[in-house]
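# Remarks on the overall topology
This is what each chain is made of:
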Amino acid sequence: MLRGVSLELPPGALVRIEGGNGGGKSTLLRLVAGIDTPTEGRVDGRPRRTAYVPERFPAALPLTAVSYLTHLGRVHGLGRTVAARRAEHWMDRFGAAGHARTPMAELSKGTSQKVAVAQALLAEPDLLVLDEAWTGLDAAARAELDLAVAERTASGATVVFVDHDPGRLAGAPDAHHRVEGAALVPVPRSGPAGPRVRIRAAGTPGGPLPPGLDGRPGPDGAVVLTVDGARSDEVLRVLLTARPPWHVRAVEELP
C-alpha cells in the first residue's frame, strides 16, 4: 500500500525506483504504467504510447514469439508489416532471432524475458516502465537493454525502472527515489557533480541530430554536444547507431 505519493516524470528523464521487497515498488510501477488505478488520487498526463515490462512475464501463450510480438505491435497501432519488421528487429538485437518461430510455451526463461522486453520496445513508447527487466537476461542482452534505455531517453521518452543491481545504469538516472514506509522519498545524489564531456561529431550534410540530442554548430561542419560524463557513453551509442551513423571526431573531458 502506498500513501501520499507524488511523482513528476518529465520527458526524456531516466528515473530509478528502489526499496525493500514487498515495499510497493511494483505497485508504484503498475500505477505509473496504467496497469492499475489508484484508489485515491490520480495519474495525469500519461502518454498514449506507454509500455511495461512486468517482473513476471506470462510466457505460456498459444503463439510463437514473433507472432506474439507482431500482435502486440498491432495492439499499439502499428501496421502488420511494420509490426512484423520491428518484431524481427528486436528479436535480433537481443540475440533471440533463432527462436522467433518457437512457441512461447517452449521458450527458456531467458528467451521469454527477451520477448518481454522486445514487446515493450517495438512501438517506440514515450513512457517505458521496467520492473526488474534485466533479470534473466544474459550479459549481451543486458547491455543491449542498457543501450535501448539510452536510445529512448535520447529520443525524449521517459523511462522508469526498478532493478536489484545497485550498479544498473549507475550515474545515469536524472532522479532516484525510494519506496519507504508506504511513501516515496527522493534519494539525494552522492558526492559532487561529475565531469562534463564535449563530443564533436559529423553526420550527413544538413542531416539533423538523432531525436533528443542537442548540439551547436562547430568548425568543419561538425556539431558540438556537451553532456554529463555519466551519460556520454549513452550519447555516443545513439550517435553511432543512428541511421545513417554519425562520425565521432573527438571526445574531450572538460575541466
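Further up the page is the structure itself.
Nothing here was measured: the structure is a model prediction, and the numbers come from that model.

Before going further, it helps to spend a moment on the pairing of strand S7 (residues 196-202). Relative to strand S9 (residues 223-228), S7 runs antiparallel, the two being bridged by 6 bridges. Among the inter-strand pairings, Arg198 is bridged to a residue of S9, identified as Thr226. Across 6 bridges, the pairing between S7 and strand S10 (residues 247-253) is antiparallel. Opposite Val197, over in S10, you have Glu253 as the bridge partner.

The next thing to look at is unusual backbone geometry. The amide bond that connects Arg243 to the next residue, Pro244, takes the cis arrangement and shows omega of 0 degrees. Positioned with a positive phi, Glu132 is a non-glycine residue whose angle comes to about 55 degrees. The topology assignment puts Glu132 in the loop between strand S3 (127-131) and helix H5 (139-154).

This paragraph deals with the side chain of Thr70. Relative to the helices and strands, Thr70 is located in helix H2 (residues 65-75). If we ignore the near neighbours within four places in the chain, the residues touching Thr70 are Arg80, Ala83, Ala84 and Ala87.

Now for the sheet that holds strand S2 (residues 50-53). In space, the 6 strands of this open sheet follow the order S2-S3-S4-S1-S5-S6, with mixed pairing throughout. Two strands close off the open sheet at either side, each with one partner strand: S2 and strand S6 (183-186). On average, each strand axis in the sheet is tilted by 20 degrees relative to the strand beside it, whichever way the strands run. The sheet contact formed by S2 and S3 spans 4 bridges and is parallel. Directly across from Ala51, in S3, lies its bridge partner Leu128. The strands touched by helix H1 (residues 25-33) are strand S1 (14-19), S2, S3, strand S4 (158-162), strand S5 (175-180) and S6; relative to S3, the strand with the most contacts, the crossing angle is about 160 degrees. Sitting on the sheet, helix H4 (residues 109-121) is in contact with S2 and S3, with an inclination near 170 degrees to S2.

Turning our attention to the layout of surface pockets. Computed from the structure, the largest pocket encloses a volume of approximately 870 Å³. Around the largest pocket, the lining is made up of 30 residues, and of these Val5, Leu31, Pro38, Arg42 and Val43 lie nearest the centre. The element contributing the most residues to the lining of the largest pocket is H1, with 4 residues. Of the residues in the lining of the largest pocket, the class split is 14 nonpolar, 9 polar and 7 charged.

The tally for this structure, following the rule as stated, stands at 2 aromatic pairs. Where Trp134 meets Phe161, the ring centres are 5.6 Å apart and the plane angle is 70 degrees; that geometry is what we call edge-to-face. A residue pair is termed long-range when its members are at least 10 positions apart, and Trp134 in the loop between S3 and H5 and Phe161 in strand S4 qualify at 27 residues. Residue classification places Trp134 among the buried positions, given a relative accessible area of 2%. On the accessibility criterion, Phe161 (0% relative accessible area) is buried.

Basis of the calculations
- Residues numbered from 1 in each chain as written.
- Predicted model: local features only at pLDDT ≥ 70, side-chain atom pairs only at ≥ 80, totals over all residues.
- Heavy atoms only, no water.
- Pairing = 2+ DSSP bridges.
- Helix = DSSP H or I, 4+ residues; strand = E, 2+ residues; numbered from the N terminus.
- Contact = heavy atoms within 4.5 Å.
- Axes fitted to C-alpha atoms, helices over the stretch in contact; angles between N-to-C directions.
- 1 Å grid on protein atoms, 1.4 Å probe; cavity = no way out; pocket = protein on both sides within 12 Å on 5 of 7 lines; lining within 4 Å.
- Points joined across faces, edges and corners; volume = space filled by probe spheres on them.
- Nonpolar A, V, L, I, M, F, W, Y, C, P; charged D, E, K, R; others polar.
- Phe/Tyr/Trp six-rings, centres within 6.5 Å; stacked < 30°, edge-to-face > 60°.
- Buried < 20%, exposed > 50% of the residue type's maximum accessible area, 1.4 Å probe, protein only.

Keep in mind these numbers describe shape, not what the thing actually does.
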